[in-house]
Amino acid sequence: MPDANGFAKPTILVVEDEAPLLTLLRYNLEKQGFRVEEAADGQEALLRVSERTPDLVLLDWMLPTLSGIEVCRQIRRKPATRELPIIMVTARTEDQDAVRALDTGADDYIAKPFAMEALLARIRALLRRSGSLPVKGRLSWQDIVMDQDAHRVTRGGRSLHLGPTEYRLLEFFLQHPGRVFSREQLLDGVWGRDIHVEPRTVDVHIRRLRKAVNGDGEIDVIRTVRSAGYALDVES
């Protein structure tokens, strides 16, 4: 199914037998615009891959019926899936386990517990390398331009240096210019509903975003609406 820009959504097969983690991964991946397929064991994973090859496999090491290592090995044996990007996910943290996963054919390896942003960055990197991740293009408003694929932002031609949260916050505002969002709505839209963050945290990142975006002599483009929230807008 294409996204709002007409691009086909990359499909990620998540092979995981822990239901809570599977739910968390599905939520975050779908929020980032990916299509998610699921498999709860190794045999089901191989069946899914044979029925419809995904763009990437997120593969747990410890699985019922067939281990992730064996699933990876069998995927690599078939010419049709020899180049299929695979990230191994496991609770095993020893260096030799990472080496074994990579030697078996995994493209990358991440140990539990992991930061979701780190996992998403690895997924995007592999999908870009395989040509499965479409270029997002640009978002712009007034003199602010965000190159989403290059992850760069400029205002009036000067580069803006944003932290990861400030970048996502600005990206969200650029997707909805002029609209006022409450702290709670920003928490849901930028941080995600599964992340427990105090609403006042939004104020801290708004201040950081203002400092980064508004240079000397420039109009403040982040409008505070008393008792309502914030908007990418200027005072009329």
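Quick summary incoming for the structure in this document. Every value quoted in this text rests on a predicted model; they were computed, and no experiment measured them.

A word on the sheet that holds strand S2 (residues 35–39)
Part 1: Spatial ordering of the open sheet is given by S2-S1-S3-S4-S5, a layout of five strands whose pairing is parallel. In the strand order of this sheet, the two ends are held by S2 and strand S5 (108–111), each with one partner. Geometrically, the sheet is characterised by an average inter-axis angle of 20 degrees between neighbouring strands, direction not taken into account.
Part 2: Bridge analysis of strand S4 (residues 86–90) against S5 gives four bridges, and the strand direction is parallel. Paired with Ile87 across the strands is Asp108, a residue of S5.

So, the nonpolar core
Part 1: Leu169, Leu170, Phe173, Leu174, Leu186 and Ile222 are the most contacted members of the largest nonpolar core, which totals 25 residues.
Part 2: Contributing elements (two or more residues each) for this core: strand S6 (138–141), strand S7 (144–147), helix H6 (164–175), helix H7 (183–191), helix H8 (200–213) and strand S11 (229–232).
Part 3: When neighbours within four sequence positions are excluded, Leu186 is seen to be in contact with Leu169, Phe172, Phe173, Phe181, Trp191, Val202 and Tyr230.
Part 4: Listed in part, the 22 residues of the second largest apolar core include Val15, Val49, Trp61 and Ala106.

Overview of the environment of Asn214
Part 1: Looking at where Asn214 falls in the secondary structure, it is placed in the loop between H8 and strand S10 (222–225).
Part 2: Filtering out sequence-adjacent residues up to four positions away, Asn214 remains in contact with Arg155, Arg158, Ile219, Asp220 and Val221.
Part 3: For Asn214, the side chain forms a polar contact with the main-chain nitrogen of Val221, separated by 3.4 Å.

A word on the pairing of S7
The side chains of a regular strand alternate between both faces of the sheet.
Part 1: What you see with S7 is a clean split: Ile144 and Met146 sit on the buried side and Val145 and Asp147 on the side with no burial.
Part 2: The sheet contact formed by S6 and S7 spans four bridges and is antiparallel. Paired with Trp141 across the bridge in S7 is Ile144.
Part 3: If you look at the hairpin formed by S6 and S7, you'll find two residues sitting between the two strands, and Gln142 has a positive phi there, around 55 degrees.
Part 4: Relative to strand S8 (residues 152–155), S7 is paired through four bridges, and the arrangement is antiparallel. Bridged to Ile144 within S8 is Arg155.

Comments concerning the sheet that holds S8
Part 1: Strand order across the open sheet formed by four strands is S6-S7-S8-S9, with antiparallel pairing between neighbours. Every interior strand has two partners, whereas the edge strands, S6 and strand S9 (158–159), have only one.
Part 2: Each of S6, S7 and S8 is contacted by H6, which is oriented at about 115 degrees to S7, the strand it contacts most.

Considerations on the pairing of S8
Part 1: Of the two faces of S8, only the one carrying Val153 and Arg155 is buried; Arg152 and Thr154 on the other face are not.
Part 2: The antiparallel hairpin formed by S7 and S8 contains four residues in its connecting segment, where His151 sits at a positive phi of about 60 degrees.
Part 3: Hairpin geometry of S8 and S9 is characterised by an intervening segment of two residues between the two adjacent antiparallel strands and by a positive phi of about 60 degrees at Gly156.

Quick look at the pattern of salt bridges
Part 1: Going through the model one piece at a time under the given rule, you end up with 21 salt bridges.
Part 2: Ionic pairing is found between Arg48 and Glu37, a salt bridge with its closest N-O pair at 3.0 Å. Of this pair, Arg48 sits in helix H2 (residues 42–51) while Glu37 sits in strand S2, and the two are 11 residues apart along the sequence.
Part 3: Of the charged contacts, one joins Arg200 and Asp203 as a salt bridge, the two residues approaching to 3.0 Å between their closest N and O atoms. Of the two residues, Arg200 and Asp203 both sit in helix H8, three residues apart, roughly one turn of that helix.

Conventions we followed
Residues numbered from 1 in each chain as written. Predicted model: local features only at pLDDT ≥ 70, side-chain atom pairs only at ≥ 80, totals over all residues. Heavy atoms only, no water. Pairing = 2+ DSSP bridges. Helix = DSSP H or I, 4+ residues; strand = E, 2+ residues; numbered from the N terminus. Axes fitted to C-alpha atoms, helices over the stretch in contact; angles between N-to-C directions. Core = buried A, V, L, I, M, F, W, Y, C linked by side-chain atoms within 4.5 Å. Buried < 20%, exposed > 50% of the residue type's maximum accessible area, 1.4 Å probe, protein only. Contact = heavy atoms within 4.5 Å. Polar contact = N/O pair within 3.5 Å; in protein donor to acceptor, adjacent residues only side chain to side chain. Salt bridge = Lys/Arg side-chain N within 4 Å of Asp/Glu carboxyl O.

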